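So you can see what is in the structure, the chains are spelled out below.
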Amino acid sequence: MSNFAQTFSSSLGKKLIMSLTGLFLCTFLVVHLIGNIQLFKDDGGQAFNAYSYFMTHFPPIKIISYLLYASIIIHAIYALVLTLNNKKARPIAYASYNGQANSPWTSRNMGILGTIILIFLVVHMSNFWAQYHWGDLPYAKYEVSLSNPSDVKVTPIPFNASVAEPAHADYVQGDRQVLVAKDLYKIVNESFQQWWYVALYVISMAAMSFHLIHGFRSAFQTLGWDNNKYVPLIRFLGVWVFGVLIPIGFAAMPLYFFFFK
Amino acid sequence: MSGNMNLTLKVWRQKNAEAKGKLVNYKADGISPDMSFLEMLDVVNEDLIKKSEDPIHFDHDCREGICGMCSLHINGRPHGPKHAVTTCQLHMRSFKDGDTIVIEPWRAAAFPVIKDLATNRAAFERIQQAGGFISVNTGGVPDANDIPIPKVIADEAFNSATCIGCGACVAACKNASAMLFVSAKVSQLALLPQGQPERYRRVQAMVAQMDAEGFGNCTNTGACEAECPKEISLTNIARMNRDYLTAKLFKEEEV
Amino acid sequence: MKLDAKIPEGPLAEKWSKQKFNLKLVNPANKRKYTVIVVGTGLAGASAAASLAELGYNVKAFCFQDSPRRAHSIAAQGGINAAKNYQNDGDSVYRLFYDTIKGGDYRSREANVYRLADVSVNIIDQCVAQGVPFAREYGGLLDNRSFGGSQVSRTFYARGQTGQQLLLGAYSALNRQINLGKVKMYTRHEMMDVVTIDGEAKGIITRDLVSGKIESHEGHAVLLCTGGYGNVFYLSTNAMGCNVTAAWKAHKKGAYFANPCFTQIHPTCIPVSGDHQSKLTLMSESLRNDGRVWAPKTVELAKKLQSGEIKGEDLKEEDRDYFLERKYPSFGNLVPRDVASRNAKDTVDEGRGVGSTGVAVFLDFADAINRLGEDAVRAKYGNLFDMYYQITDENPYKRPMRIYPAVHYTMGGLWVDYNLQTTIKGLYSLGECNFSDHGANRLGASALMQGLADGYFVIPYTVGDYLANIGPKPVDANHPAFAEAKKNVEERINKLLSLRGTKTVDDFHRDLGHIMWEYCGMARSEEGLIKAKGLIRQLREDFWKNAIVLGINEEMNHSLEKAGRVADFLELGELMVDDALNRKESCGGHFRVESQTEEGEALRDDENYSYVAAWEYQGDNQAEELHKEDLVFENVKLTQRSYK
Ligand SMILES: Cc1cc2nc3c(=O)[nH]c(=O)nc-3n(C[C@H](O)[C@H](O)[C@H](O)COP(=O)(O)OP(=O)(O)OC[C@H]3O[C@@H](n4cnc5c(N)ncnc54)[C@H](O)[C@@H]3O)c2cc1C
Ligand code: HEM
Ligand code: HEM
Ligand code: SF4
Ligand code: F3S
Ligand code: FES
């Protein structure tokens with residue numbers, strides 16, 4: 001076996017992959033959250049739709065997107081492999097096993113938490129991402145006054161199968177900046193009017209919170225980065241940023257649309 | 001004697017490696033709180049022997065927490081409910097009159113049961129044989145004080161070296177992973193200047209053997225550290241991860 | 001047979017280098033044609049096996065635990081001596097030699113002890129090179145402490161677990177050789193007999209403790225490194241599995257047993273708490289550096305302490321008897337182990353013992369805590385205090401500790417010559433298993449030193465000489481001696497397994513222990529010893545009728561293992577009593593009541609007993625024959641010890 005193959009088939013190598021993909025997903029989360037904050041803007045979705053367009057069409061980001069899909073798949077596959085291996089390592093279970101005496105609940109349930117996240121991702125991506133890429137999306141036309149930015153005229157362009165899709169456009173006409181974009185905002189808004197959808201998101205964000213409270217710190221341990229000098233920082237980030245702030249930020253979106261829109 | 005306790009034990013009995021085992025109930029009456037857990041089992045065994053029943057087999061030797069031979073999973077925890085002690089150092093005063101105590105062997109594919117509560121931990125031996133040493137022959141070594149070692153480093157190496165090879169880390173880990181043990185062994189020598197020449201060779205050899213033995217993968221749950229009678233720290237695992245990845249990804253020479 | 005210790009001629013300091021020159025060497029190309037059997041892989045055995053394998057011999061090594069790392073050497077706490085003089089406080093090879101001879105109360109060989117002191121310095125180098133994490137100073141150099149009342153700081157230590165760290169070092173060297181294929185390691189194997197062909201050791205018979213398989217192993221030489229026999233007392237600080245079986249079987253095959261009654265009793269152990277007690281726990285002797293030993297002045301007060309009516313810390317200063325300080329003003333609490341132990345026992349025998357059993361005295365740190373502060377005491381003794389608290393559930397920072405002496409080490413063992421060869425050719429004995437270096441009493445921190453000296457630095461030379469002489473001809477595995485030895489082992493096992501009496505093996509062991517402790521412990525008298533002899537004989541007979549041994553051979557069978565070991569202890573016990581009877585002097589670790597000064601101190605009798613008593617087995621239930629090896633002192637002057 002080559003050195004490389006050997007490395008990645010070893011237990012530590014597999015863990016390395018888990019941690020790198022996991023951390024990559026974590027950075028994505030930060031970007032995704034910041035981007036999605038545009039949803040809270042009361043501009044009829046203009047900023048959000050513009051952002052969505054940018055994210056799907058700017059080449060470097062596209063490359064990163066592919067990396068991201070690969071990460072999710074690899075992370076999930078390795079999670080499965082590791083979990084199966086670990087089951088095999090203890091073929092006969094204890095009759096009495098007092099896990100809570102020695103380890104946090106989150107750390108013992110990463111697989112389950114991850115699976116919830118996976119289900120979430122499937123639903124989430126088939127709804128928004130697949131829709132955006134291949135779905136029959138309505139468009140929206142935003143005309144923003146250059147002299148008075150708060151003067152916005154929004155014209156929805158509903159999807160009409162018989163008409164050719166309007167092209168994405170971004171130009172200046174007179175004293176107005178005109179943007180014609182896929183109206184993902186609308187899809188989001190509509191989705192989050194269904195209670196079960198909101199529930200799924202909120203539950204998933206709880207799962208993600210637990211996954212990351214353990215996972216973020218764990219990834220650094222796996223990489224061998226545990227210098228006393230910055231371990232407290234990693235713990236802080238893991239718990240407060242990835243365990244609290246980010247999940248709450250995401251969970252706030254469906255709730256916002258459900259209750260306020 | 002006053003203060004004595006009556007207990008119910010549920011003990012894993014298994015005739016040999018091939019046989020199927022099961023939990024069997026025993027009464028342990030008149031147990032003094034001053035007894036050690038193993039002395040309590042001695043008392044039960046004496047009774048069994050007098051009734052011509054096969055005594056409960058369990059591993060033990062030093063009975064003072066240093067040889068690492070004793071290995072019981074007691075009420076769901078390796079070495080029982082007390083922190084930082086081995087089974088042989090656990091005293092019955094940690095239990096109450098009327099308690100039911102479930103006693104099982106270490107459970108891991110890599111530690112097959114030999115009989116009852118005794119398991120085969122030869123996997124640990126093979127891991128150490130794979131690289132847990134510094135290759136020096138007897139004689140011809142430099143004077144002991146030729147290599148000064150900063151006290152903090154020496155102390156840290158010592159902390160890692162206190163591992164008694166009991167296997168409680170494997171028993172506690174939900175993945176039956178041997179990372180804490182192996183990393184403690186790797187760390188001791190990785191920290192010391194004497195261990196540097198073989199540092200990267202050693203970690204690769206020992207991890208490869210660990211994997212070959214069928215232990216699980218560490219998911220950093222930390223149960224091992226919490227249950228280790230010698231309080232071996234998770235830092236060792238991080239250190240081993242670091243050394244291993246360094247060896248595999250950044251070392252050019254085939255070390 | 002005339003005992004010949006084969007001590008080389010010449011000045012003390014040159015004997016070993018001369019001997020090394022005179023010993024024959026094995027041709028390097030021939031080394032791989034030899035197999036050496038090493039029984040026991042504690043400090044002595046692991047170091048020997050590794051060193052021999054490094055030289056190129058094939059080694060087969062055996063231990064009864066599931067790993068060499070678990071040998072009883074692991075339990076040593078205090079430290080290991082070496083004449084490094086790193087502290088510039090006046091130590092030297094000669095001083096270590098002198099202290100060891102004196103500490104042994106002039107009952108050991110000058111030449112052996114000198115060699116031990118001489119190679120002690122190499123041991124430390126070797127261990128450090130292996131990665132043993134000895135304690136260090138901030139400057140990065142090794143730290144030392146004074147140990148067991150020694151005037152110089154020559155003890156190297158690794159917190160409270162020097163034994164474990166040294167053993168892990170030797171074990172790693174052994175592992176390296178296992179990995180290289182030079183050592184074949186047999187764990188969970190018990191040696192059941194030595195095989196001799198024409199009077200030379202050629203192999204052993206073992207029982208696989210998992211499958212019960214009886215196997216024979218042949219080799220060109222056999223090294224017994226099987227540790228001490230302190231467990232003959234049932235309760236001791238030894239591990240549960242420590243046994244005399246290997247040494248005893250060798251003895252029955254012709255190896256003389258030397259000074260069997262020389263036992264060391266350690267003063268600072270945690271006292272027995274009840275009948276259920278299975279072993280005793282030692283607390284490091286270093287406790288006596290700061291702790292003060294005392295007992296209540298009167299029996300009445302002791303009674304109150306025993307019933308729990310009053311507590312130790314409540315007793316007024318004037319009601320306390322600091323008996324060591326009172327009797328030995330110059331050494332005080334730091335008198336040698338035997339003196340401290342005997343005085344504790346005397347106090348208890350007077351009825352002034354403390355604790356619920358009344359079999360203990362106090363070791364008090366109140367003064368030290370006042371003087372140094374609790375934190376300083378914790379820093380020094382924290383782990384020992386924790387251990388004490390763990391076991392007794394009493395807080396030693398608040399209440400004086402209770403201590404009592406316990407059997408700790410056996411100076412006696414298989415007789416060996418200067419080359420560590422027993423009276424059977426090709427059979428060697430190393431470490432605590434032999435009698436060689438500690439005379440009638442062992443200095444603290446010198447057993448680890450001896451085990452490693454034997455294994456790393458002596459045996460590789462001396463066994464080579466023997467091997468060179470016999471030549472690399474393969475040992476004939478089909479020789480009838482193997483089959484016969486195997487048959488005998490099987491017969492004995494069957495005999496044990498047929499015992500279906502009413503008393504458990506532990507009961508017999510406990511009874512034997514009581515007899516030994518009572519009559520052959522710290523203080524012995526002719527009358528008591530004669531009584532003990534009778535009691536042991538009775539007990540032995542009863543054992544072979546009334547013991548219960550369950551199960552079959554072909555399985556893991558602790559019942560059978562224990563029975564075999566106890567059966568051997570029952571034979572050894574009698575020999576110890578015989579030896580104690582013969583030695584009508586007080587010396588070293590033991591006190592013969594017939595031989596004391598007017599002040600009641602031990603009185604050695606150099607005129608009549610300056611010899612090693614080596615016993616030759618004569619057959620079952622036969623009196624053994626005594627052989628004397630006279631001890632010649634050319635370098636040290638014999639003095640009576642005085643700690644007044
Ligand atoms: C609690 C305690 C503390 C001590 N502290 C110190 C100290 O601080 N300093 C010091 O110098 N000394 C100390 N000693 C003494 C010292 O530890 C021992 O004397 C020494 O370690 C013995 O080493 P060894 O190699 O001879 O035997 P051991 O380490 O006892 O090894 C015996 C080996 O023989 C094997 N064996 C035995 N019987 C058989 C058999 N029948 N078949 C196969 N294998 C067998 C065992 O498996 C084991 O591998 C202490 C002793 C005790 C009990
Ligand atoms: C696709 C579904 C997912 C599954 C099945 C899953 C499962 C797992 C499992 C079993 C682990 C191992 C536990 C451990 O090593 O600590 C793990 C670790 C981790 N996961 Fe996930 N996970 C999923 C999604 C995610 C997502 C979306 C993120 C980030 C946003 C993430 C971040 C992490 C991190 C950072 C780790 C720690 C890696 C390490 O310890 O080295 N996971 N995951
Ligand atoms: C709850 C609030 C969330 C909202 C409103 C939201 C919204 C969206 C939308 C609209 C898209 C499609 C647009 C695009 O492709 O850029 C998208 C894509 C995606 N979302 Fe979310 N998301 C949320 C939370 C999450 C979470 C928590 C995760 C991860 C665990 C996640 C992972 C993804 C992924 C992986 C994509 C595809 C990204 C790409 O193609 O680059 N989303 N999200
Ligand atoms: S790391 Fe701890 S639990 Fe694991 S073997 Fe070592 S001492 Fe036992
Ligand atoms: S409990 Fe197991 S998962 Fe890792 S941190 Fe310890 S080995
Ligand atoms: S019996 Fe030795 S550690 Fe428990």
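Residues numbered from 1 in each chain as written. Chains lettered and ligands numbered in written order. Predicted model: local features only at pLDDT ≥ 70, side-chain atom pairs only at ≥ 80, totals over all residues. Heavy atoms only, no water.

(A) Highlighting the overall build of chain B. When you go through chain B residue by residue, the secondary structure sums to eight helices and seven strands. For chain B, the spread of C-alpha atoms along the three principal axes comes to 65 × 40 × 35 Å. In chain B, the share of contacts with a sequence separation of at least 24, taken over all contacts with a separation of at least 6, comes to 70%. Of the side chains in chain B, 28 bear a positive and 31 a negative charge, and the two mean positions are spaced by 5 Å. (Helix = DSSP H or I, 4+ residues; strand = E, 2+ residues; numbered from the N terminus. Contact = heavy atoms within 4.5 Å. Lys, Arg positive; Asp, Glu negative; His and termini not counted. Charge placed at Lys NZ, Arg CZ, Asp CG, Glu CD.)

(B) Expanded view of the overall build of chain A. If you tally the helices and strands in chain A, you get nine helices and four strands. Going from N to C terminus, chain A has its helices and strands arranged as α-α-α-α-α-α-β-β-β-β-α-α-α. Counting only C-alpha atoms and orienting by the principal axes, one finds that chain A spans roughly 70 × 45 × 45 Å. When the 261 residues of chain A are sorted by exposure, 45% land in the buried category. For chain A, the share of sequence-separated contacts (at least 6 apart) that also reach a separation of at least 24 residues comes to 73%. Just so you have it, chain A exposes about 13800 Å², and 70% of that area is on carbon and sulfur atoms. Computing the positive centroid from 17 side-chain charges and the negative centroid from 11, chain A places the two 21 Å apart. (Buried < 20%, exposed > 50% of the residue type's maximum accessible area, 1.4 Å probe, protein only. Areas by Shrake-Rupley, 256 points an atom, 1.4 Å probe, with all protein chains shown as cover.)

(C) Molecular detail of the interface of chain C and chain B. Facing the 71 residues of chain C at the interface are 72 residues of chain B. Buried area between chain C and chain B, both sides added, is near 6100 Å², and the carbon and sulfur share of it is 52%. At the boundary of chain C and chain B, one finds eight salt bridges. Between Asp-66 of chain C and Arg-121 of chain B there is a salt bridge; the shortest N-O distance is 3.3 Å. Where chain C touches chain B, the interface holds 50 residue pairs in polar contact (both at pLDDT 80 or more). Contributions of two or more residues to the side of chain C that touches chain B are made by helix H2 (43–55), helix H4 (110–130), helix H5 (162–179), helix H11 (374–392), helix H12 (447–470) and helix H14 (505–520) of chain C. It is H5 of chain C that provides the largest number of residues to the side of chain C that touches chain B, a total of nine residues. (Buried area = accessible area lost by both parts, 1.4 Å probe. Salt bridge = Lys/Arg side-chain N within 4 Å of Asp/Glu carboxyl O. Polar contact = N/O pair within 3.5 Å; in protein donor to acceptor, adjacent residues only side chain to side chain.)

(D) Summary view of the coordination of the iron atom of ligand 2. All names here are of chain A. Surrounding the iron atom of ligand 2 are the protein donor atoms His-75 (NE2) and His-211 (NE2), at 2.0 Å. Coordination geometry of the iron atom of ligand 2: the six donor atoms subtend angles of 88 to 179° at the metal centre, consistent with an arrangement described as octahedral. Of this pair, His-75 sits in helix H4 (residues 59–89) while His-211 sits in helix H8 (residues 195–223), and the two are 136 residues apart along the sequence. On the accessibility criterion, His-75 (16% relative accessible area) is buried. What makes His-211 buried here is its relative accessible area of 13%. (Donors = N, O, S within 2.8 Å, 3.2 Å for Na, K, Ca; no water. Tetrahedral: all angles 85-135°; square planar, octahedral: opposite > 155°, others 65-115°.)

(E) The arrangement of the sheet that holds strand S22 (residues 611–616) of chain C in detail. All names here are of chain C. The four strands lie next to each other as S16-S10-S22-S23, forming an open sheet whose pairing is antiparallel. At either margin of the open sheet sits one strand with a lone partner, and together these are strand S16 (413–414) and strand S23 (625–630). Note: strand S10 (residues 257–258) against S22, two bridges, orientation antiparallel. By the bridge assignment for S22, Ala-258 is matched with Ala-614. Contacting S10, S22 and S23, helix H16 (residues 558–582) runs over the sheet at an angle of about 145° to S22. (Pairing = 2+ DSSP bridges. Axes fitted to C-alpha atoms, helices over the stretch in contact; angles between N-to-C directions.)

(F) Just the site of ligand 3, in detail. All names here are of chain A. Around ligand 3, the surrounding shell holds 24 residues, and the nearest of these are His-32, Asn-36, Tyr-69, His-124 and Trp-129. At 2.6 Å, a side-chain N or O of Tyr-69 approaches an oxygen atom of ligand 3. The element best represented in the shell around ligand 3 is helix H6 (residues 110–134), accounting for six residues. In terms of residue class, the shell around ligand 3 is made up of 20 nonpolar, four polar and no charged. (Near = heavy atom within 4 Å. Nonpolar A, V, L, I, M, F, W, Y, C, P; charged D, E, K, R; others polar.)

(G) Inspection of the sheet that holds strand S3 (residues 73–74) of chain B at higher detail. Residue and element names in this part refer to chain B. Reading across from one edge, S2-S1-S5-S3-S4 is the order of the five strands in this open sheet, with mixed pairing throughout. The strands lining the two open edges of the sheet, one partner per strand, are strand S2 (22–31) and strand S4 (77–78). The pairing of strand S1 (residues 5–13) with strand S5 (residues 100–104) spans four bridges and is parallel. Residue pairing for S5: Val-11 is matched across the bridge by Ile-103.

(H) Fine view of the interface of chain A and chain B. The partner chain B presents 46 residues to the 39 residues of chain A that form the contact. Summed over both partners, the interface of chain A with chain B comes to about 3400 Å²; 52% of that surface belongs to carbon and sulfur atoms. At the junction of chain A with chain B, the criterion picks out one salt bridge. With its nearest N and O atoms 3.7 Å apart, the salt bridge here joins Asp-226 of chain A to Arg-242 of chain B. Counting every contact that joins chain A to chain B gives 27 residue pairs in polar contact (both at pLDDT 80 or more).

(I) View of the packing of H4 of chain C against H12 of chain C. Residue and element names in this part refer to chain C. The geometry of H4 relative to H12 is characterised by a closest axis approach of 9 Å and an angle of 85° between their N-to-C directions. For the element pair H4 / H12, the angle class is roughly perpendicular. Contacts between H4 and H12 pair Arg-115, Leu-116, Val-119, Ser-120, Asn-122, Ile-123, Gln-126, Cys-127 and Gln-130 from the former with Met-449, Gln-450, Leu-452, Ala-453, Tyr-456, Phe-457 and Val-458 from the latter. By residue class, the composition of the contact of H4 with H12 is 10 nonpolar, five polar and one charged. (Parallel < 35°, antiparallel > 145°, perpendicular 65-115°, else oblique.)

(J) Layout of the site of ligand 4. Residues and elements named next belong to chain B. Taken together, 13 residues sit near ligand 4, with Cys-163, Cys-166, Gly-167, Cys-169 and Cys-228 positioned nearest. Elements with a contribution of two residues or more to the shell around ligand 4: helix H4 (168–172) and helix H5 (179–191). Residue composition of the shell around ligand 4, grouped by class: 11 nonpolar, two polar and no charged.

(K) Spotlight on the arrangement of the chains. Taking contact number as the criterion, the leading pair out of two pairs of chains in contact is chains B and C. Separated throughout, chain A and chain C approach each other most closely at a C-alpha pair spaced 21 Å apart.

(L) Structural detail: H4 of chain C. Residue and element names in this part refer to chain C. Its 21 residues give H4 an end-to-end C-alpha distance of 30 Å, which sits within 8% of 30 Å, the value for a rise of 1.5 Å per residue. In H4, a bend of some 35° at Ser-120 exceeds every other bend along the element. For H4, the tally of buried residues reaches 19 of 21 residues, placing the bulk of the element in the interior. Looking one or two places after H4, you find Gly-131, whose phi comes out positive at around 100°. (Expected span 1.5 Å × (residues − 1). Bend = angle between axes of the 7 residues up to and from the residue.)

(M) A look at the coordination of the iron atom of ligand 3. Residue and element names in this part refer to chain A. Distances from the iron atom of ligand 3 to its protein donors, namely His-32 (NE2) and His-124 (NE2), fall within the range 1.9 to 2.1 Å. If you look at the iron atom of ligand 3, its six donor atoms make angles of 88 to 179° with each other, and the shape they trace is octahedral. With His-32 in helix H2 (residues 11–36) and His-124 in helix H6, the pair connects residues that are 92 residues apart, well separated along the chain.

(N) Local environment of the packing of aromatic side chains. Within this structure, the stated rule accounts for 50 aromatic pairs over all chains. With 5.9 Å between their ring centres and 50° between their planes, Phe-192 of chain A and Phe-257 of chain A make a pair best called tilted. Note that Phe-192 of chain A is positioned in the loop between helix H7 (184–191) and H8 and Phe-257 of chain A in helix H9 (residues 231–260), a separation of 65 residues in sequence. Sitting over the face of the ring of Tyr-132 of chain A, Lys-182 of chain A holds its NZ or CZ atom 5.0 Å from the ring centroid. Positioned above the aromatic ring of Phe-508 of chain C is the side chain of Lys-503 of chain C, whose terminal nitrogen or guanidinium carbon lies 4.3 Å from the ring centre. (Phe/Tyr/Trp six-rings, centres within 6.5 Å; stacked < 30°, edge-to-face > 60°. Lys NZ or Arg CZ within 6 Å of the ring centre and 35° of its normal.)

(O) Representation of the pattern of salt bridges. Counted according to the given criterion, the structure contains 70 salt bridges over all chains. Lys-115 of chain B serves as the salt-bridge partner of Glu-555 of chain C, at 3.3 Å between the closest nitrogen and oxygen. Of this pair, Glu-555 of chain C sits in the loop between strand S20 (547–548) and H16 while Lys-115 of chain B is found in strand S6 (residues 113–115), placing the two residues in two different chains. The same class applies to Glu-555 of chain C and to Lys-115 of chain B, which are both buried. A cluster of three or more residues bridged by salt bridges with shared partners is formed by Asp-105, Arg-107, Arg-583, Glu-585, Arg-604 and Asp-606 of chain C.

(P) Region of the structure containing the environment of Glu-554 of chain C. Residues and elements named next belong to chain C. Its location among the elements puts Glu-554 in the loop between S20 and H16. Here Glu-554 falls in the exposed class, since its relative accessible area comes to 55%. Spatially, the C-alpha atom of Glu-554 lies 50 Å from that of Gly-149, the residues being 405 residues apart in sequence. Ignoring sequence-local partners within four residues, the contact set of Glu-554 consists of Ser-211 and Gly-212.

(Q) Spatial organisation of the side chain of Gln-77 of chain C. Within the secondary structure, Gln-77 of chain C is located in the loop between strand S2 (58–62) and strand S3 (80–81). Among the polar contacts made by the side chain of Gln-77 of chain C, one reaches the main-chain carbonyl oxygen of Leu-282 of chain C at a distance of 3.2 Å. From its side chain, Gln-77 of chain C meets the backbone nitrogen of Ser-284 of chain C in a polar contact 3.2 Å long. The contacts of Gln-77 of chain C, once residues within four sequence positions are left out, are Glu-64 of chain B together with Arg-145, Arg-159, Gly-160, Gln-161, Thr-162, Leu-282, Met-283, Ser-284, Leu-384 and Met-387 of chain C.

Keep in mind these numbers describe shape, not what the thing actually does.
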